[in-house]
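# Coordinates in review
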Amino acid sequence: MSIIKSLEKRRTYYNLDKKIPISEQEVEEKVKKVTELVPDAFNMKSARVVLVFGEKHEQLWDEIYDVFEGKVPREKLDLFKNGAGTILFLYDQDIVKKMQEQFHTYADNFPIWANQANGMLQIVMWSMLRELNIGASLQHYNPIIDAKVKELFDIPESCMLVAQMPFGGIKKEPDEKEKEDINKRVSVVRS
Ligand SMILES: Cc1cc2nc3c(=O)[nH]c(=O)nc-3n(C[C@H](O)[C@H](O)[C@H](O)COP(=O)(O)O)c2cc1C
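In what follows, the accompanying structure is described. This structure is a prediction, so every number in the text was calculated from the model and none was measured. (Residues numbered from 1 in each chain as written. Predicted model: local features only at pLDDT ≥ 70, side-chain atom pairs only at ≥ 80, totals over all residues. Heavy atoms only, no water.)

### Thoughts on a nonpolar patch on the surface
Quick note on the threshold: Grouping into patches uses exposed residues only, defined as over 30% relative accessible area, and leaves out salt-bridged ones; the cut-off is 9 Å for like charges and 5 Å for nonpolar side chains (Val, Leu, Ile, Met, Phe, Trp, Tyr). A 1.4 Å probe and the Shrake-Rupley method give the accessible areas. Residues count as covered only by the protein chains that appear here. Should a side-chain nitrogen of Lys or Arg be within 4 Å of a carboxyl oxygen of Asp or Glu, the pair is scored as a salt bridge. Strands here mean DSSP runs of E at least two residues long; helices mean DSSP runs of H or I at least four residues long; both are numbered from the N terminus. Each residue is assigned to one of three classes by its accessible area relative to the maximum for its type, calculated with a 1.4 Å probe on protein chains only: buried under 20%, partly exposed between the two thresholds, exposed over 50%.
Together, Ile3, Ile4, Leu7, Ile123 and Val124 give the surface a local cluster of nonpolar side chains, amounting to about 440 Å² of exposed area. Elements with a contribution of two residues or more to the nonpolar patch: helix H1 (3-9) and helix H6 (109-131). The element best represented in the nonpolar patch is H1, accounting for three residues. Along the polypeptide, Val124 turns up in helix H6. Note on Val124: relative accessible area 36%, which makes it partly exposed.

What follows is the structure in structure tokens.
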């Protein structure tokens, strides 16, 4: 599938189930491949990914409900829990610190680049899942859930949680998105 086709198919999927068309091992392989291929500033490899399946995935969304003490509706979090798994995106602040010490001139940029590289990883992961007929969405319950997530998955203290991507079988396609004139956002300069 071309990158444009893949991006066209990627959407925010809230209505998920546990029936994904490939095995957990195949998802694992693809997630590892994407993490390997997506670039990072100075090739610093700051991104960390935790791929969670099954009961642990369900527990994650139950714990998120508890951490928010009912402020996020159960029905909303159950949409994610109904999926087959969750990908947690993080970056390692120890790597960022080392780069800052090594390259003083760019010190302020390294945390920004780590976040940007993480965003690159997220979009590729999201589109890759859709290519495999797996729906996903991008969620941000961090930083409220950080301590609980670290405890649940034994994640090192140096890792900063950036996003959560629940995924699963596609139960329903989202509504069409409103299009706008792309020329308002893209200018072309020719000499
Ligand atoms: C950086 C970023 C943060 C987002 N955060 C959330 C979020 O916390 N919760 C959510 O439901 N969707 C979130 N989204 C999804 C966007 O709302 C969604 O991608 C956008 O409305 C376009 O819809 P589409 O994904 O169906 O194309 C986020 C998307 C991006 C790129």
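Once you've had a look at it, read on.
### Some words on the site of the ligand
For clarity, the threshold we go by: If a single non-hydrogen atom of a residue is within 4 Å of a molecule or strand, that residue counts as near it. Counting of polar contacts relies on pairs of N or O atoms within 3.5 Å, with two restrictions inside protein: one atom must be capable of donating a hydrogen and the other of accepting it, and residues adjacent in sequence are counted only when both atoms are side-chain atoms. Think of it as three bins: nonpolar holds Ala, Val, Leu, Ile, Met, Phe, Trp, Tyr, Cys and Pro, charged holds Asp, Glu, Lys and Arg, and polar takes everything else, Gly as well.
By nearness alone, every residue bordering the ligand is listed as Arg10, Arg11, Thr12, Tyr14, Trp126, Leu138, Gln139, His140 and Lys177. Separating an oxygen atom of the ligand from a side-chain N or O atom of Thr12 is a distance of 2.6 Å. In the model, an oxygen atom of the ligand is placed 3.0 Å from a nitrogen or oxygen of the Gln139 side chain. Within the complex, 55% of the 620 Å² of free accessible area of the ligand lies under protein. Among the residues forming the shell around the ligand, the class breakdown is three nonpolar, three polar and three charged.

### Here's the deal with the packing of aromatic side chains
Put simply, the test is: Only Phe, Tyr and Trp rings take part, Trp by its six-membered ring, and two of them pair if their centres are within 6.5 Å. Stacked means planes under 30 degrees apart, edge-to-face means over 60, and tilted covers everything else.
The final tally for this structure, using the stated rule, is twelve aromatic pairs. Between Tyr106 and Trp113 the ring centres are 5.7 Å apart and the planes differ by 50°, which places this aromatic pair in the tilted class. For Tyr106, a relative accessible area of 38% gives the class partly exposed. Judged by its relative accessible area of 22%, Trp113 is partly exposed.

### With respect to the pattern of salt bridges
Per the stated rule, a full pass over the model turns up 15 salt bridges. The salt bridge partner of Arg74 is Asp78, with a shortest N-O separation of 3.3 Å. With Arg74 and Asp78 both in helix H4 (residues 74-81), this residue pair falls four residues apart, about one helical turn. Arg74 gets classed as partly exposed once you look at its relative accessible area, which sits at 25%. When the shortest N-O distance is used, the salt bridge between Glu157 and Lys150 registers 3.5 Å. Owing to a relative accessible area of 64%, Glu157 belongs among the exposed residues under this scheme.

### Observations regarding the pairing of strand E5 (residues 159-170)
The condition is simple: Strands are labelled as partners when DSSP assigns at least two bridges between them.
Where burial is concerned, most of E5 is hidden: ten out of the twelve residues are buried. Pairing of strand E1 (residues 16-17) with E5 involves two bridges; the strand directions are antiparallel. Across the sheet, Asp17 pairs through a bridge with Gly169, a residue of E5. Pairing of strand E3 (residues 85-92) with E5, which is carried by eight bridges, proceeds in the antiparallel orientation. Its bridge partner lying in E5, Leu90 is registered against Leu161.

### Describing unusual backbone geometry
Comment: phi is negative for the bulk of residues other than glycine, and the bulk of peptide bonds are trans. The peptide bond linking Asn142 to Pro143 adopts the cis configuration, its omega dihedral lying at 0°. When you line up the elements, Pro143 lands in the loop between strand E4 (134-136) and helix H7 (146-153). Although it is not a glycine, Asp154 adopts a positive phi angle of roughly 55°. Note that Asp154 resides in the loop between H7 and E5. Here Asp154 falls in the exposed class, since its relative accessible area comes to 70%.

Nothing here speaks to function; it is all geometry.
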